[in-house]
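Residue strings, one per chain:
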Amino acid sequence: PLIIQVINPNTSDAMTATIAAAARVVAAPGNEILAVCPQEGAPSIEGHFDEAIATLGVLEQVKLGRDAGVDGHIIACFGDPGLLAARELATAPVIGIAEAAMHLATLVATRFSIVTTLPRTLTIARHLLHQYGFERHCAGLHAIDLPVLALEDGSGTAQQKVREQCIAARDRDGSGAVVLGCGGMADLARSLTDELGIPVIDGVSAAVKMVEALAALGLRTSKQGDLAYPLAKPLSGRFHGLNQ
Ligand SMILES: NC(=O)NC1=NC(=O)NC1=O
């Protein structure tokens, strides 16, 4: 059995619980989901600045997980904050939910759309499409124009907006699949897939199965070249020891 660390990079416990539940639904029997979030940081991540703040907390959690011997790390925020830095620190695989969802979307459709939260985070999704090489696969990007934590306010308004944007994406973009662009949407994928009749993909569950696949194949983060462990040097103050 595996221990899979799922890191919610924001500090909102309700969203950590949503993410953890979605991960546990799909985890193979016997595999443990260790859901964590940074002790300090941003309550939600809605832009480049928030991502920079969150990255330190992600790295601290990755180090704790590695030292606890987890079999994989998942960065459960759609910006995949700190992904490559985390891979330097990690021994086990590190999967971001955006890359996981995008990869799976390309396996079931020739073109996919993305539905995310605030319009200003659309640029972050575009940057990831470029970084991962999926620009030509993405037929459209949509935002529900609600803040991330609206997904946890219990009103159902955000969930309804996600549903509307997924339907619009299916009917207007000519895409065969939709990627949910927020960790807080993780619990919506199954019901939307059934209702819309096309694959609606959540990156949390996608990442859990990718970690399981990599572990089954004996594949871990390469420590050759740029993903080798961080160079040994004395880090000062709050960063002391983080690179060890
Ligand atoms: N595009 C997003 O909504 N990104 C996110 N911000 C968070 O705090 N969690 C996410 O997944």
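Look above for the structure.
Reference entry: report on the structure contained in this document. (Residues numbered from 1 in each chain as written. Predicted model: local features only at pLDDT ≥ 70, side-chain atom pairs only at ≥ 80, totals over all residues. Heavy atoms only, no water.)

Digging into the packing of aromatic side chains
Let me state the cut-off plainly: Two aromatic rings from Phe, Tyr or Trp, using only the six-membered ring of Trp, form a pair when their centres are within 6.5 Å; if the ring planes differ by under 30 degrees the pair is stacked, by over 60 it is edge-to-face, and anything between is tilted. For a ring to carry a charge above it, either NZ of a lysine or CZ of an arginine must fall within 6 Å of the ring centroid while also lying within 35 degrees of the normal to the ring plane.
Summed over the entire model, instances satisfying the criterion amount to zero aromatic pairs. Between lysine 223 and the ring centre of tyrosine 229, over which it is positioned, the NZ or CZ distance is 4.2 Å.

Let's talk about the pairing of strand S7 (residues 177-180)
Spelled out, the test is: Burial classification: accessible surface area is computed with a 1.4 Å probe over protein chains only, and a residue below 20% of its type maximum counts as buried, one above 50% as exposed, and the rest as partly exposed. Secondary structure elements follow DSSP: runs of H or I of four or more residues count as helices, runs of E of two or more count as strands, with numbering from the N terminus. The criterion for strand pairing is that DSSP finds at least two bridges linking the strands in question.
Going residue by residue along S7, you find Ala177 and Val179 tucked away on one face and Val178 and Leu180 tucked away on the opposite face as well. Across four bridges, strand S5 (residues 112-116) lies against S7 in parallel orientation. When the bridges of S7 are listed, serine 113 appears paired with valine 178. The sheet contact formed by S7 and strand S8 (residues 200-202) spans three bridges and is parallel.

Topic: the sheet that holds strand S2 (residues 32-36)
The following threshold applies: Axis definition: a line fit to C-alpha positions, over the contact stretch in the case of helices; interaxial angles, taken between N-to-C directions, run 0 to 180 degrees. It only takes one pair of heavy atoms within 4.5 Å for two residues to be counted as in contact.
Taken together, four strands build an open sheet; the order of strands is S2-S1-S3-S4 and the sheet is parallel. Looking along the sheet, the strands with just one partner apiece sit at the ends: S2 and strand S4 (94-96). Looking at each pair of strands side by side, their axes are set apart by 20° on average, direction ignored. Relative to strand S3 (residues 72-75), strand S1 (residues 3-7) is paired through four bridges, and the arrangement is parallel. Across the sheet, residue valine 6 finds its bridge partner in S3, namely isoleucine 74. Running over the sheet, helix H8 (residues 203-216) touches S1, S2, S3 and S4 and is turned about 160° from S3.

Here's the deal with the side chain of asparagine 243
Test applied: Here a polar contact is taken to be a pair of N or O atoms separated by no more than 3.5 Å, where protein atoms must pair a possible hydrogen donor with a possible acceptor and residues adjacent in sequence count only if both atoms sit in side chains.
By secondary structure assignment, the location of asparagine 243 is in the segment after H8. Of note is the side chain of asparagine 243, whose polar atom sits 2.9 Å from the backbone oxygen of lysine 233.

Examining the site of the ligand
Threshold: One heavy atom suffices: a residue is near a molecule or strand as soon as one of its heavy atoms comes within 4 Å of it. Only the protein chains shown count as cover for residues, and all accessible areas are computed by the Shrake-Rupley method using a 1.4 Å probe. Classification used: nonpolar for Ala, Val, Leu, Ile, Met, Phe, Trp, Tyr, Cys and Pro, charged for Asp, Glu, Lys and Arg, polar for all others including Gly.
Every residue lining the ligand is accounted for by Asn10, Ser44, Ile45, Cys77, Phe78, Thr116, Thr117, Thr121, Val148, Gly181, Cys182 and Gly183. Here a nitrogen atom of the ligand and a backbone polar atom of isoleucine 45 are 2.7 Å apart. Contacts to the ligand include threonine 117, whose side-chain N or O atom sits 3.0 Å from an oxygen atom. Protein chains shield 97% of the accessible area of the ligand, which is 290 Å² for the free molecule. A breakdown of the residues in the shell around the ligand according to their chemical character gives five nonpolar, seven polar and no charged.

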